[in-house]
Amino acid sequence: MALLSAGPSLDSIPVPHDLLTAEQREIRALVRALAEERIAPRAAEIDRTAEFPWDIVELFRENGIFGTLADEVYGGVGSSALATYVSIEEISKACATSGLILAVQALGTLALELAGDEEQKQRFVPRIASGEILSAYALTEPGSGSDAAAMRTEARRDGDVYVLDGAKRFITNAGIAGIYIVFAKTDPSAGHAGISAFAVEPGTPGLEIGRIEPKMGVKGSKTGEVFLNGCRVPAANRLGEEGTGFRLAMRILDRSRPGIAAQALGIAQGATDYAVGYALTRETFGEPIARHQLVAAMLADMETRCEAARGLLYRCGAMIDDGVDGPELTKLSAMTKLVCSDTAMAVTTDAVQVLGGYGFMEEYPVERMMRDAKVTQIYEGTNQIQRLVIARELARARRGG
Ligand SMILES: Cc1cc2nc3c(=O)[nH]c(=O)nc-3n(C[C@H](O)[C@H](O)[C@H](O)COP(=O)(O)OP(=O)(O)OC[C@H]3O[C@@H](n4cnc5c(N)ncnc54)[C@H](O)[C@@H]3O)c2cc1C
């Protein structure tokens, strides 16, 4: 079962109709079985108690689920964006909180992969890829979400350390992460060109956790405030050169937004599958509701929207694994997140409708799925911001660069 023991002998020729290699299909089958057998039975309770599911993290550790985030040399099974997205999708079909654990873990490895030096990679990546520590990505602040460059957190150099002062808000894994990727201004007069990135470890003097937010969905995930009060971070923990942090944040998002898209698609497919099963057994007017054409049409549209969204997601993953970077990736990644999350919201709303009054009841999973879907249109850039990104890339391409 363990992904870490997946052998190297598998056929790696892409299968054209779904873009997955034989190895990626095997990973999908393993994760799907794990999600159905071990994660689905926990989903309602995770939602009801809103407690972080450490047992799911342990399950991921035991089965090497974080392994697709890193190459073998750093303790992974070989870094693959597509394999990671497929895993997030399969897990999120059962439980969106659990899918988010893998999606956010990728933010840590991406920061190190894109900007870490060899020493930093050796120090952190094996611990993230094994699941020994969880990652957090601290960009958002009380006064800056969509307009990330308006952040006010500052980092002042003092000999061998940087002194960080500021407040981050809505940070996933606040209080439980073993590494916080923190963005701060080393040159407040330089706008986005004055932002730098740091790896901050818990226990660093001045790193404090504030309020953990009660919220609508993905309730088991911990979202909270992170304060940096004269937080003394070793200069050796700066990721990349001073002033490259904003560019890094955007390059990470190009690769992590499809992870949120995968979470959204999983929620959508999970809701569709449940609604189909329900519609085949619930009878009105003497026949299963799936036979009533208005219900049948809803189910057909739900499945079609999921399949279309999956086409974008898999293509985006394959593009990243092929090493594509820059505007082409930025545009496709934003489109993928936009389509998958809008699909999740529309499809889960329809799933509730297919179940009628039962869909509105906590006893049935589709009301949780509808609540969980909403945040996928908001975090890692709202869908308004995704549309702005796509339009900007269209204009850039028309101008010729
Ligand atoms: C559960 C959860 C987990 C999160 N986890 C993290 C995390 O781990 N790390 C992190 O850094 N952040 C995280 N976030 C923050 C998230 O990324 C931001 O909430 C999001 O980017 C939006 O920022 P905001 O909330 O400040 O909204 P605002 O930026 O204030 O936007 C408010 C509204 O205005 C719209 N809007 C803003 N500007 C424009 C514009 N130019 N044109 C059109 N419309 C616009 C937005 O689309 C939105 O509808 C998380 C958020 C949530 C809810």
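Described below are features of the structure shown in this document. (Residues numbered from 1 in each chain as written. Predicted model: local features only at pLDDT ≥ 70, side-chain atom pairs only at ≥ 80, totals over all residues. Heavy atoms only, no water.)

Examining the overall build of the chain
Okay, so step 1: Counting its regular elements, the chain contains 10 helices and 10 strands.
Okay, so step 2: Relative to the globule expectation of 21 Å for 401 residues, the C-alpha radius of gyration of the chain, 21 Å, shows essentially globular dimensions.
Okay, so step 3: Principal-axis analysis of the C-alpha atoms gives the chain an extent of 80 × 50 × 45 Å.
Okay, so step 4: Counting over 401 residues, the chain shows a buried share of 55%.
Okay, so step 5: Expressed as a percentage of contacts within the chain between residues at least 6 apart in sequence, the contacts between residues at least 24 apart total 73%.
Okay, so step 6: As presented, the chain carries roughly 16900 Å² of accessible surface, and 54% of it is formed by carbon and sulfur atoms. (Helix = DSSP H or I, 4+ residues; strand = E, 2+ residues; numbered from the N terminus. Rg over C-alpha atoms; globule rule 2.2 N^0.38 Å. Buried < 20%, exposed > 50% of the residue type's maximum accessible area, 1.4 Å probe, protein only. Contact = heavy atoms within 4.5 Å. Areas by Shrake-Rupley, 256 points an atom, 1.4 Å probe, with all protein chains shown as cover.)

Structural notes on the nonpolar core
Okay, so step 1: Core analysis: the biggest nonpolar cluster contains 104 residues, and I39, F183, L239 and V354 have the highest contact counts within it.
Okay, so step 2: The element best represented in this core is helix α6 (residues 245-281), accounting for 16 residues. (Core = buried A, V, L, I, M, F, W, Y, C linked by side-chain atoms within 4.5 Å.)

Describing unusual backbone geometry
The phi torsion of most residues other than glycine is negative, and most of the peptide bonds are trans.
Okay, so step 1: Although it is not a glycine, N173 adopts a positive phi angle of roughly 75 degrees.
Okay, so step 2: With respect to the helices, strands and loops of the structure, N173 is situated in the loop between β3 (161-172) and β4 (179-185).
Okay, so step 3: With a phi close to 50 degrees, F285 is a non-glycine residue in the positive phi region.
Okay, so step 4: Given the relative accessible area of 81%, F285 is considered exposed.

As for the site of the ligand
Okay, so step 1: Residues in contact with the ligand amount to 18 residues; listed here are only the nearest, Y137, T140, S146, F170 and T382.
Okay, so step 2: Within the backbone of F170, a nitrogen or oxygen atom sits 2.8 Å from a nitrogen atom of the ligand.
Okay, so step 3: Out of a free accessible area of 980 Å², the ligand has 64% covered by protein chains.
Okay, so step 4: Counting residues per element, the ones that place at least two in the shell around the ligand are β3 and α10 (383-399).
Okay, so step 5: It is β3 that provides the largest number of residues to the shell around the ligand, a total of 3 residues.
Okay, so step 6: Looking at the shell around the ligand, its residues break down into 8 nonpolar, 8 polar and 2 charged. (Near = heavy atom within 4 Å. Polar contact = N/O pair within 3.5 Å; in protein donor to acceptor, adjacent residues only side chain to side chain. Nonpolar A, V, L, I, M, F, W, Y, C, P; charged D, E, K, R; others polar.)

Topic: helix α4 (residues 96-115)
The periodicity of an α-helix, 3.6 residues per turn, causes residues three or four positions apart to be oriented the same way.
Okay, so step 1: Along its 20 residues, α4 runs 29 Å from first to last C-alpha, staying within 8% of the 28 Å computed at 1.5 Å per residue.
Okay, so step 2: Burial analysis of α4 places 18 of its 20 residues in the buried class, which makes it a mostly covered element. (Expected span 1.5 Å × (residues − 1).)

Some points on the side chain of Q24
Okay, so step 1: Here Q24 lies in helix α1 (residues 22-49).
Okay, so step 2: Discounting chain neighbours no more than four positions away, the residues touching Q24 are L19, S80, L82, A83 and D321.

Here we look at helix α5 (residues 118-129)
Okay, so step 1: The end-to-end C-alpha distance of α5, which contains 12 residues, comes to 16 Å, matching closely the 16 Å that a straight helix rising 1.5 Å per residue would cover.
Okay, so step 2: Of all the positions in α5, only Q120, K121, F124, V125, I128 and A129 are classed as buried. Looking straight down α5, one finds its buried side chains confined to an arc of 125 degrees; they lie on one side.
Okay, so step 3: Taken together, the buried residues of α5 touch α4, β1 (135-138), β4, β5 (195-200) and β8 (238-239).
Okay, so step 4: The N-terminus of α5 is capped by D117, whose side-chain oxygen sits 3.2 Å from the backbone nitrogen of E119.
Okay, so step 5: Within two residues after α5, G131 carries a phi angle of roughly 85 degrees, on the positive side. (Arc of directions from axis to C-beta.)

Topic: the packing of aromatic side chains
Okay, so step 1: Going through the model one piece at a time under the given rule, you end up with 6 aromatic pairs.
Okay, so step 2: Plain terms: the ring middles of F60 and F66 are 5.7 Å apart, the flat faces sit at 80 degrees to each other, and that makes the pair edge-to-face.
Okay, so step 3: According to the relative accessible area criterion, F66 is buried, its value standing at 1%.
Okay, so step 4: These aromatic residues form a ring-pair network of at least three members: Y278, Y358 and Y364. (Phe/Tyr/Trp six-rings, centres within 6.5 Å; stacked < 30°, edge-to-face > 60°.)

A closer look at the environment of R127
Okay, so step 1: By the element assignment, R127 lies in helix α5.
Okay, so step 2: Sequence-wise, R127 and I171 are 44 residues apart; in three dimensions their C-alpha atoms are separated by 20 Å.
Okay, so step 3: The contacts of R127, once residues within four sequence positions are left out, are E132, I133 and E201.

Concerning the pairing of β5
Okay, so step 1: Counting buried residues in β5 gives 6 out of 6 residues, a clear majority hidden from the surface.
Okay, so step 2: By the alternation rule, side chains of β5 split into I195, A197 and A199 and S196, F198 and V200, which are all buried.
Okay, so step 3: By the bridge criterion, 6 bridges tie β4 to β5 in an arrangement that is antiparallel. Pairing of I181 across the sheet is with A199, part of β5.
Okay, so step 4: Relative to β8, β5 runs antiparallel, the two sharing 2 bridges. Opposite A197, over in β8, you have L239 as the bridge partner. (Pairing = 2+ DSSP bridges.)

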